[in-house]
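Understanding the architecture of this molecule
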Amino acid sequence: MAKGKMTSIFFCQSCGYESAKWMGQCPGCKAWNTMVEEKVDRKVSGHRSSKALGEELHTPVSISDISTEDEERISTGIGELDRVLGGGIVPGSLTLVGGDPGIGKSTLLLQVCRQLSDKGIEVLYISGEESLRQIKLRADRIGSMNAHLKLLCETNLENICEQVKRSGASVAVIDSIQTMYSENLEAAAGSVSQVREATAILMRMAKEQNVSVFIVGHVTKEGTVAGPRVLEHMVDTVLYFEGDRHASYRILRGVKNRFGSTNEMGVFEMKNEGLTEVPNPSEYMLSGRPVGSSGAVVSCAIEGTRPILIEIQALVSRTNFGFPRRQSAGSDTNRLNLLMAVLEKRLDMKIGDHDAYVNIAGGMKIQEPAIDLAVVLAVVSSFRNKAVSDDTVVFGEVGLSGEVRAVANASVRAAEAEKLGFKRVILPRSNVSNMDIKGIELIGVGSIEEALDKIV
Ligand code: TYD
Ligand code: MG
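What you are looking at is a predicted structure, and each value in this text was computed from that prediction instead of being measured.

This part covers the overall build of the chain. When you go through the chain residue by residue, the secondary structure sums to 12 helices and 21 strands. Residues counted as buried form 48% of the 456 residues belonging to the chain. Long-range contacts, defined as pairs at least 24 residues apart, comprise 67% of the intrachain contacts of the chain with a sequence gap of at least 6. Surface summary for the chain: the accessible area is close to 21,200 Å², and the carbon and sulfur share equals 50%. The distance from the centre of the 52 positive side-chain charges to the centre of the 57 negative ones in the chain is 4 Å.

Laid out in structure tokens, this is it:
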């Protein structure tokens, strides 16, 4: 191939899959209509990376000679974020913060900048989306800022690298990667090849200058902007910021972490003066819980390593149409259908002609089957119009023959229930034997019949 020859490649905007021809469905992530054509200068980008490798010849080092002791981390001053990062920011690391537009990514990172600059750390916040005035207006809502925080409106990556070098910043924020472009590529900002090239440049900058870089990436449902999944494999840490647009709480989830464990999560609440930490999510999720009403059961889910008590609400009523409606918000609707079939078959309960709606209060989304038993009890409680006593927490997986199966981390769940002042836990019998918890009554059950005898 001649130097600088342009070729055309089709990229999936959602996962970055590359193909020489257009396809209706991406073979990588199975999304439809996400492939778009981009002109790529293969020679140039390939050439530069090989040069970077050859610049100095690295020699192999024995693994026992590498010291990890002096690996210090910079605390962000935000406990929930530190937890997800695995104890703080690692110098020279590249972190991607993804999430829907408007979820609070810029707000969170501006708050991080504020905390860090208050400690005297030089921070550079680079925005390609908002004017300096807009950033300042947001900053004013959050609180007073320190002079160690510098702002820059720029979208040209070569300039950004130069400015980061000059400013001597140890932490830099790029908001957002989809607005940045490198002069080396012809492709438009936001295209898969630009987003990748931009990330590669930032990665090199982070490692060479030992700057910790945060990249903001918008999750886009459609359109022509590459999503953050395209660069997940290139960065050190991937965090996703999630939450219900209508609820004020936000969850920060670690999806990948080269310096700590994944599956950790942090909980925040969006307030008028920015994001505040929610150190005890269970209390938050259960606040405003109705007392003594039928169809509500408290369960315990595990998010990462952390137990969270949630309230599961069910409403069962006779259907007005020939075909009953089943709907669940926050949990899996197919799972609800399955559990109702189990109830109908194993307990001979006539709920086939009833609509059922299940909701997890607070807008949490739980995929774990450990909440099955609570969903079943909530449905029966609503069907029979009998309240479940509100000092009880229920968890366990329900199998197709109505058996209650063991779940992971049962002790952690029970301990959380105890901590929040609950009196009883209904849980799988097979979990009870190896548990050592004193302050709360543990009621082991082997089947849904047994569980129903115990409460509803
Ligand atoms: P933003 O951080 O701009 O979102 P992103 O960068 O992810 O697109 O946050 C946008 C929303 O947060 C906006 O709708 C307003 C709200 N918000 C507050 O409720 N309180 C605040 O103090 C701030 C700064 C924003
Ligand atoms: Mg933003």
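After that view, the rundown keeps rolling.
To continue, consider the pairing of strand E1 (residues 6-12). Sheet analysis places E1 next to strand E2 (residues 18-19), joined by 2 bridges and oriented antiparallel. For phenylalanine 11, the partnering residue across the bridge sits in E2 and is glutamate 18. Linking E1 to E2, which pair antiparallel, is a turn of 5 residues; within it glycine 16 sits at a positive phi near 85°.

Attention now moves to the pattern of salt bridges. As enumerated under the stated definition, the model contains 20 salt bridges in all. A salt bridge links aspartate 140 to lysine 136; the shortest N-O distance between them is 3.3 Å. Taken together, the residues aspartate 140 and lysine 136, both in helix H4 (residues 132-142) and 4 residues apart, mark about one turn of the helix. A relative accessible area of 46% places aspartate 140 in the partly exposed class. Lysine 350 is the partner of aspartate 348 in a salt bridge, and the nearest nitrogen-oxygen pair spans 3.2 Å. The same class applies to aspartate 348 and to lysine 350, which are both exposed. Each of the salt bridges in this network shares a partner with another, and the network as a whole consists of Glu80, Arg83 and Arg306.

Time to look at the packing of aromatic side chains. Scanning the model with the defined rule gives 1 aromatic pair in all. Judged by centre distance (6.0 Å) and plane angle (80°), the ring pair of phenylalanine 241 and phenylalanine 268 falls under edge-to-face. Taken together, the residues span a long stretch of sequence, with phenylalanine 241 in strand E9 (residues 237-242) and phenylalanine 268 in strand E11 (residues 265-271) at a distance of 27 residues. Here phenylalanine 241 and phenylalanine 268 have matching classes, each one buried.

A few words on the sheet that holds strand E8 (residues 212-218). Sheet architecture is open: 9 strands sit in the order E6-E5-E7-E8-E4-E9-E10-E11-E12, paired in mixed fashion. Lying at the two open borders of the sheet, with one neighbouring strand each, are strand E6 (149-153) and strand E12 (274-277). Strand after strand, the sheet turns through a mean of 25° between neighbouring axes, direction not considered. As paired strands, strand E4 (residues 94-99) and E9 are joined by 5 bridges and run parallel to one another. Opposite leucine 96, over in E9, you have valine 238 as the bridge partner.

The immediate surroundings of ligand 1 are formed by 16 residues, with Ser106, Thr107, Arg138, Lys271 and Gly274 found nearest. Within the backbone of glycine 102, an N or O atom sits 2.7 Å from an oxygen atom of ligand 1. At 3.0 Å from an oxygen atom of ligand 1 is found a main-chain nitrogen or oxygen belonging to glycine 104. With the chains in place, 76% of the 550 Å² that ligand 1 exposes on its own is no longer accessible. Elements with a contribution of two residues or more to the shell around ligand 1: helix H3 (105-118), H4 and E11. In terms of residue count, H3 provides more of the shell around ligand 1 than any other element does, 3 residues in total. A class-by-class count of the residues in the shell around ligand 1 yields 3 nonpolar, 7 polar and 6 charged.

Right, let's get into H4. Two residues of an α-helix separated by three or four positions point the same way, owing to the 3.6 residues in each turn. Listed in full, the buried residues belonging to H4 are Ile135, Arg138, Ala139 and Ile142. Buried residues of H4 fall within an arc of 105° about the axis and therefore sit on the same side. Turned more than 90 degrees off the buried face of H4, the exposed positions are Arg133 and Arg141. Two residues or fewer after H4 comes glycine 143, characterised by a positive phi angle close to 145°.

Moving on, we come to the environment of alanine 20. Mapping alanine 20 onto the fold places it in the loop between E2 and strand E3 (35-41). Classification of alanine 20 as exposed rests on a relative accessible area of 73%. Through-space distance from the C-alpha of alanine 20 to that of threonine 7 is 9.4 Å; in sequence the pair is 13 residues apart.

With that settled, the discussion passes to the state of the cysteines. Within the structure shown, the criterion is met by 0 disulfides. Considering cysteine sulfurs only, cysteine 26 is the nearest to cysteine 12, which forms no disulfide, with 3.7 Å between them. Of the cysteine sulfurs around cysteine 153, a residue in no disulfide, the closest is that of cysteine 113, at 13 Å.

This paragraph deals with the packing of H3 against H4. Put simply, H3 and H4 touch, their axes get as near as 10 Å, and they point 70° apart. Our classification of the angle between H3 and H4 gives roughly perpendicular. Considering how the two elements wind past one another, H3 and H4 form a crossing that is right-handed. For the pair H3 and H4, the contacting residues are Ser106, Thr107, Leu110, Gln111 and Arg114 in the first and Ile135, Arg138, Ala139 and Ile142 in the second. The residue makeup of the contact of H3 with H4, split by class, is 4 nonpolar, 3 polar and 2 charged.

Overall, the prediction assigns the chain a mean pLDDT of 88, with 94% of residues at 70 or greater. This stretch, residues 44-54, has a pLDDT under 50; its non-local contacts, to residues over four places away or in other chains, come to 5 contacts.

Another aspect to go through is the side chain of serine 93. Relative to the assigned elements, serine 93 resides in the loop between helix H2 (79-85) and E4. Residue serine 93 is classed as buried on the basis of its relative accessible area, which comes to 2%. Within the local environment of serine 93, its side chain forms a polar contact with the backbone oxygen of valine 90, the two atoms lying 2.7 Å apart. For serine 93, the contacting residues outside a window of four places in its chain are Ala206, Lys207, Val211, Ser212, Val213, Asp236 and Phe259.

Rules used in this analysis
- Residues numbered from 1 in each chain as written.
- Chains lettered and ligands numbered in written order.
- Predicted model: local features only at pLDDT ≥ 70, side-chain atom pairs only at ≥ 80, totals over all residues.
- Heavy atoms only, no water.
- Helix = DSSP H or I, 4+ residues; strand = E, 2+ residues; numbered from the N terminus.
- Buried < 20%, exposed > 50% of the residue type's maximum accessible area, 1.4 Å probe, protein only.
- Contact = heavy atoms within 4.5 Å.
- Areas by Shrake-Rupley, 256 points an atom, 1.4 Å probe, with all protein chains shown as cover.
- Lys, Arg positive; Asp, Glu negative; His and termini not counted.
- Charge placed at Lys NZ, Arg CZ, Asp CG, Glu CD.
- Pairing = 2+ DSSP bridges.
- Salt bridge = Lys/Arg side-chain N within 4 Å of Asp/Glu carboxyl O.
- Phe/Tyr/Trp six-rings, centres within 6.5 Å; stacked < 30°, edge-to-face > 60°.
- Axes fitted to C-alpha atoms, helices over the stretch in contact; angles between N-to-C directions.
- Near = heavy atom within 4 Å.
- Polar contact = N/O pair within 3.5 Å; in protein donor to acceptor, adjacent residues only side chain to side chain.
- Nonpolar A, V, L, I, M, F, W, Y, C, P; charged D, E, K, R; others polar.
- Arc of directions from axis to C-beta.
- Disulfide = S-S within 2.5 Å.
- Parallel < 35°, antiparallel > 145°, perpendicular 65-115°, else oblique.
- Left-handed = near helix turned anticlockwise from the far one by under 90°.
- pLDDT = per-residue confidence, 0-100.

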